[in-house]
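Per-entry structural report
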Amino acid sequence: MTTTTLEHVYEAMRRLRPDFVIAGSQHPPDDAALDALAARLGVTLPTIYRELARNLGPFVVERGDEGLELYAIAEDAPPELDVEHVSAKLAARTGAMRVVVMRRIGDPRRWILEPDGKVRSFDPRDAALGEPEELADVIERELVSLR
């Protein structure tokens, strides 16, 4: 069971060095749009994903060539942050149909969403899969490691 909450994630964002930029959507999705997304993708969206998507939409935390991207949907989402576009692009490149929800900038691995809502790291170079994890824990860990 995860102990990481939305407040933990926001606290990790607040503790980043001030030269990190956090950019999200002006029009994040509502619950109905997220329910439709989950149905289209055939997955359970983790609570933390839904909360972040409802508040920020897809977002980037970055400084130069380091940072974190969370893929979601939003009216104003650029294709490179749209979860369906990014997932389709990875499938075209690797032949593996995966729901890509996050990546660390500069790292070839992606975090993919399993049907049960757990995430795994996925390395497109060799299709290696990591162990299932809670998305909330991964997001907090990656944000903390950016400091």
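Now for a quick tour of the structure. (Residues numbered from 1 in each chain as written. Predicted model: local features only at pLDDT ≥ 70, side-chain atom pairs only at ≥ 80, totals over all residues. Heavy atoms only, no water.)

Focus on the overall build of the protein chain
The secondary structure content of the protein chain amounts to 5 helices and 7 strands. Helices (α) and strands (β) of the protein chain occur, in sequence order from the N terminus, as α-β-α-α-β-β-α-β-β-β-β-α. Taken over C-alpha atoms, the radius of gyration comes to 14 Å for the protein chain, in line with the 15 Å a tight globule of 147 residues would show. Along the longest, intermediate and shortest principal axes, the C-alpha atoms of the protein chain span 40 × 35 × 35 Å. Out of the 147 residues in the protein chain, the part that is buried amounts to 49%. Just so you have it, the protein chain exposes about 7400 Å², and 50% of that area is on carbon and sulfur atoms. Looking at the protein chain, you have 19 positive and 27 negative side-chain charges, and the mean spots of the two groups are 4 Å apart. (Helix = DSSP H or I, 4+ residues; strand = E, 2+ residues; numbered from the N terminus. Rg over C-alpha atoms; globule rule 2.2 N^0.38 Å. Buried < 20%, exposed > 50% of the residue type's maximum accessible area, 1.4 Å probe, protein only. Areas by Shrake-Rupley, 256 points an atom, 1.4 Å probe, with all protein chains shown as cover. Lys, Arg positive; Asp, Glu negative; His and termini not counted. Charge placed at Lys NZ, Arg CZ, Asp CG, Glu CD.)

Brief notes about helix H3 (residues 47-56)
Of all the positions in H3, only Ile-48, Tyr-49, Arg-50, Leu-52, Ala-53 and Leu-56 are classed as buried. At the exit of H3 stands Gly-57, carrying a positive phi of roughly 70 degrees.

Some thoughts on the pairing of strand E4 (residues 99-105)
Among the 7 residues that make up E4, 7 are buried, leaving the element largely enclosed by the rest of the structure. Across 4 bridges, strand E3 (residues 66-70) lies against E4 in antiparallel orientation. Bridged to Glu-69 within E4 is Arg-103. Direction of pairing for E4 relative to strand E5 (residues 110-113): antiparallel, over a ladder of 4 bridges. Of the residues in E5, the one forming a bridge with Met-102 is Trp-111. (Pairing = 2+ DSSP bridges.)

Examining the pattern of salt bridges
Within this structure, the stated rule accounts for 18 salt bridges. Across the pair Arg-50 and Asp-31 runs a salt bridge, and its minimum N-O distance is 3.6 Å. Pair noted here: Arg-50 is in helix H3 and Asp-31 is in helix H2 (residues 31-41), with a separation of 19 residues, a long-range link. The class of Arg-50 is buried, set by a relative accessible area of 16%. (Salt bridge = Lys/Arg side-chain N within 4 Å of Asp/Glu carboxyl O.)

Things to note about helix H5 (residues 135-145)
Side chains three or four residues apart in an α-helix point the same way, a direct result of the helix having 3.6 residues per turn. Buried within H5 we find Leu-135, Ala-136, Val-138, Ile-139, Glu-142 and Leu-143. Down the axis of H5, the buried set is contained in an arc of 165 degrees. They therefore lie on one face. (Arc of directions from axis to C-beta.)

Describing the pairing of E3
Counting buried positions along E3 gives 4 out of 5 residues, so the element sits mostly inside the fold. Two elements, strand E2 (residues 59-63) and E3, share 5 bridges in a ladder whose sense is antiparallel. Note that in E3 the partner of Val-60 across the bridge is Glu-69. Here E2 folds back onto E3 in antiparallel fashion, the turn holding 2 residues, of which Gly-64 has a positive phi close to 60 degrees.

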